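Coordinate analysis (summary)
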Amino acid sequence: MEKNNVSLELEEMRLQMAALQKQLNERLKLDEQQLQNSTMKKINAINRYGYFELIGLIVAIICYSIVQYRFHISFEFIACTLPILVLSSLFGFWLANRIKNTDLSKKSTKEIIRTLISMKKQYQIYNIIGFIIGFFIILPWMLYEIYVHSFSHFMFAEGFPTCRFICANATIMISGFTIGIIFCIKMYKKQLRNITEMIEILKDQE
């Protein structure tokens with residue numbers, strides 16, 4: 001009788017352990033699926049930044065057209081600066097797509113982390129160079145072009161509403177440029193944050 005009780009207790013313990021093991025496996029599987037979904041969402045967010053670069057290029061070309069039409073800036077300015085914008089946007093698109101969802105199954109976690117760290121460094125260099133070119137070459141040159149080809153023709157023209165002309169156009173340009181810069185900085189910080197969070201997620205998987 002005592003042996004039967006012991007056997008029943010052992011069988012009950014075995015069943016309880018099997019049930020606990022099943023619950024643990026299901027929980028691990030669920031956690032793994034959630035982690036994979038979170039990882040894929042981060043990759044998609046990183047990739048979307050590349051399309052932002054292309055949209056920014058289209059907006060820049062439209063703005064260039066408006067500025068050229070309104071202020072008659074030189075062909076030399078367009079010929080020198082527009083290719084820079086095109087190449088930088090294409091590079092930004094390529095950089096944002098250096099990592100893809102398919103890499104999760106094709107590459108090891110360490111390889112992906114190395115790629116993300118490399119992307120982060122490249123983004124930092126890319127934005128420093130872009131800042132220098134934008135603020136110290138393109139913007140001063142554009143202001144010079146606008147003055148030479150537009151403002152100087154009307155600055156002392158008799159009867160021309162010089163103050164209104166200068167103030168209105170300067171306000172539009174400065175406001176548009178400031179909004180564009182703020183938006184770009186915000187998107188850049190968001191991209192770096194996505195890459196950093198992605199690195200942390202992958203490190204937790206190791």
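The sections below set out a description of the structure shown in this document. Counting restarts for each chain, with residues numbered from 1 along the sequence as it is written. In keeping with the model being predicted, local features are shown solely for residues with a pLDDT of at least 70 and side-chain atom pairs are shown and tallied solely at 80 or more, while totals for entire chains, interfaces and linings include all residues. The basis for the side-chain values is all heavy atoms of the structure; hydrogens and waters are excluded.

Structural notes on the pattern of salt bridges
- Whenever a carboxyl oxygen of Asp or Glu lies within 4 Å of a side-chain nitrogen of Lys or Arg, that contact is scored as a salt bridge. This structure, assessed with the given rule, holds one salt bridge.
- We note a salt bridge from Lys-42 to Glu-197, for which the minimum N-O separation is 2.2 Å. Placement of Lys-42 in helix α1 (residues 2–71) and of Glu-197 in helix α5 (residues 162–205) is noted, with a sequence separation of 155 residues between them.
- Only protein chains enter the calculation, and the probe is 1.4 Å; a residue is then buried if its accessible area is under 20% of its type maximum, exposed if over 50%, and partly exposed in between. With a relative accessible area of 28%, Glu-197 lands in the partly exposed category. Helical segments are the DSSP runs of H or I of at least four residues, strand segments are the runs of E of at least two, and each set is numbered from the N terminus.

Quick notes on a positive patch on the surface
- Patch criteria: residues need more than 30% relative accessible area and no salt bridge. Like-charged residues are merged within 9 Å; nonpolar side chains of Val, Leu, Ile, Met, Phe, Trp and Tyr are merged within 5 Å. Working definition of accessibility: Shrake-Rupley area with a 1.4 Å probe, residue cover restricted to the visible protein chains. Working convention for charge: Lys and Arg count positive, Asp and Glu count negative, and His plus the chain ends are omitted. Every charge is mapped to an atom, namely NZ of Lys, CZ of Arg, CG of Asp or CD of Glu. A contiguous patch of positive charge, built from Arg-48, Lys-186, Lys-190 and Arg-193, is present on the exposed surface.
- The element contributing the most residues to the positive patch is α5, with three residues.
- Here Lys-190 lies in helix α5.
- Given the relative accessible area of 43%, Lys-190 is considered partly exposed.

Some details on the packing of aromatic side chains
- Pairs were defined over the aromatic rings of Phe, Tyr and Trp, the Trp ring being its six-membered one, requiring ring centres within 6.5 Å. Orientation was assigned from the angle between planes: stacked under 30 degrees, edge-to-face over 60, tilted for the rest. For the coordinates displayed, the defined rule picks out 10 aromatic pairs.
- For the ring pair Phe-77 and Trp-141, a centre distance of 5.2 Å and an interplane angle of 90° mean the geometry is edge-to-face. Of this pair, Phe-77 sits in helix α2 (residues 75–96) while Trp-141 sits in helix α4 (residues 109–154); the two residues are 64 residues apart in sequence, bridging distant segments of the chain.
- Classification of Phe-77 as buried rests on a relative accessible area of 0%.
- According to the relative accessible area criterion, Trp-141 is partly exposed, its value standing at 26%.
- Seen from their ring centres, Phe-91 and Tyr-126 are 5.4 Å apart, and the 55° between their planes marks the pair as tilted. Of the two residues, Phe-91 is situated in helix α2 and Tyr-126 in helix α4; the sequence distance between them amounts to 35 residues.
- Residue Phe-91 is classed as partly exposed on the basis of its relative accessible area, which comes to 32%.
- Classification of Tyr-126 by relative accessible area gives buried; the value is 15%.
- Cluster of aromatic residues (ring-pair linked, three or more members): Tyr-49, Phe-52, Phe-91, Trp-94, Tyr-123, Tyr-126 and Phe-183.

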